[in-house]
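# Chain and residue survey
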Amino acid sequence: NHRMLNEIAWTLLTDEDIKKRDVPLAYRIARAAYDACEGKDASVVDTYARALFDSGKVQDAIREQKKAIELCTDDEMRPDLEANLKTYEARAAGK
């Protein structure tokens, strides 16, 4: 179930109660969710982009975040996706 995998990965990557993040595990779970939905669910692609970013793969994260924005049909979700993209682009620019 890609949604369940996505929720687990997102929690591992972002939950404030987690003091030591297992980014490699979160990446593997996010990738499994991505593969399960064939990269066609904006929220899953967003999580996968975050996992890439947190793994130091900034250019890959930017590419996937742009894809998440393209897939997004939820006007309430779009600003969050765009903000994530700006964060990734800022890191790529050295800011």
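As the structure is a computational prediction, the values presented were derived from the model and not from experiment.

### Here we look at the packing of aromatic side chains
Going through the model one piece at a time under the given rule, you end up with three aromatic pairs. Both rings, one in Tyr27 and one in Tyr48, keep their centres 5.9 Å apart while their planes meet at 35°; by these two values the pair is tilted. In this pair, Tyr27 sits in helix H2 (residues 23-36) while Tyr48 sits in helix H3 (residues 42-54), placing the two residues 21 residues apart along the sequence. Residues Tyr27 and Tyr48 agree in their burial class; the two are buried. Through a chain of ring-to-ring contacts, the aromatic side chains of Tyr27, Tyr34 and Tyr48 assemble into a single cluster. Over the ring of Trp10 we find Arg50; its NZ or CZ atom is 5.8 Å from the centre of that ring. It is Lys57 that lies over the ring of Tyr27; its NZ or CZ is 4.7 Å from the centre.

### So, the packing of H3 against helix H4 (residues 58-71)
Contact pair H3 / H4: the axes reach a minimum separation of 8 Å and the direction vectors enclose 165°. Viewed along their axes, H3 and H4 adopt a mutual orientation that is roughly antiparallel. The way H3 lies across H4 gives a crossing that is left-handed. On the side of H3, the interface is formed by Ala42, Val45, Asp46, Tyr48, Ala49, Leu52 and Phe53, while H4 contributes Val58, Asp60, Ala61, Glu64, Gln65, Lys67, Ala68 and Leu71. Each residue belonging to the contact of H3 with H4 can be placed in one class, and the counts come to 10 nonpolar, one polar and four charged.

Procedures and definitions
Residues numbered from 1 in each chain as written. Predicted model: local features only at pLDDT ≥ 70, side-chain atom pairs only at ≥ 80, totals over all residues. Heavy atoms only, no water. Phe/Tyr/Trp six-rings, centres within 6.5 Å; stacked < 30°, edge-to-face > 60°. Helix = DSSP H or I, 4+ residues; strand = E, 2+ residues; numbered from the N terminus. Buried < 20%, exposed > 50% of the residue type's maximum accessible area, 1.4 Å probe, protein only. Lys NZ or Arg CZ within 6 Å of the ring centre and 35° of its normal. Axes fitted to C-alpha atoms, helices over the stretch in contact; angles between N-to-C directions. Parallel < 35°, antiparallel > 145°, perpendicular 65-115°, else oblique. Left-handed = near helix turned anticlockwise from the far one by under 90°. Contact = heavy atoms within 4.5 Å. Nonpolar A, V, L, I, M, F, W, Y, C, P; charged D, E, K, R; others polar.

Scope: geometric values only; no functional claims are made or implied.
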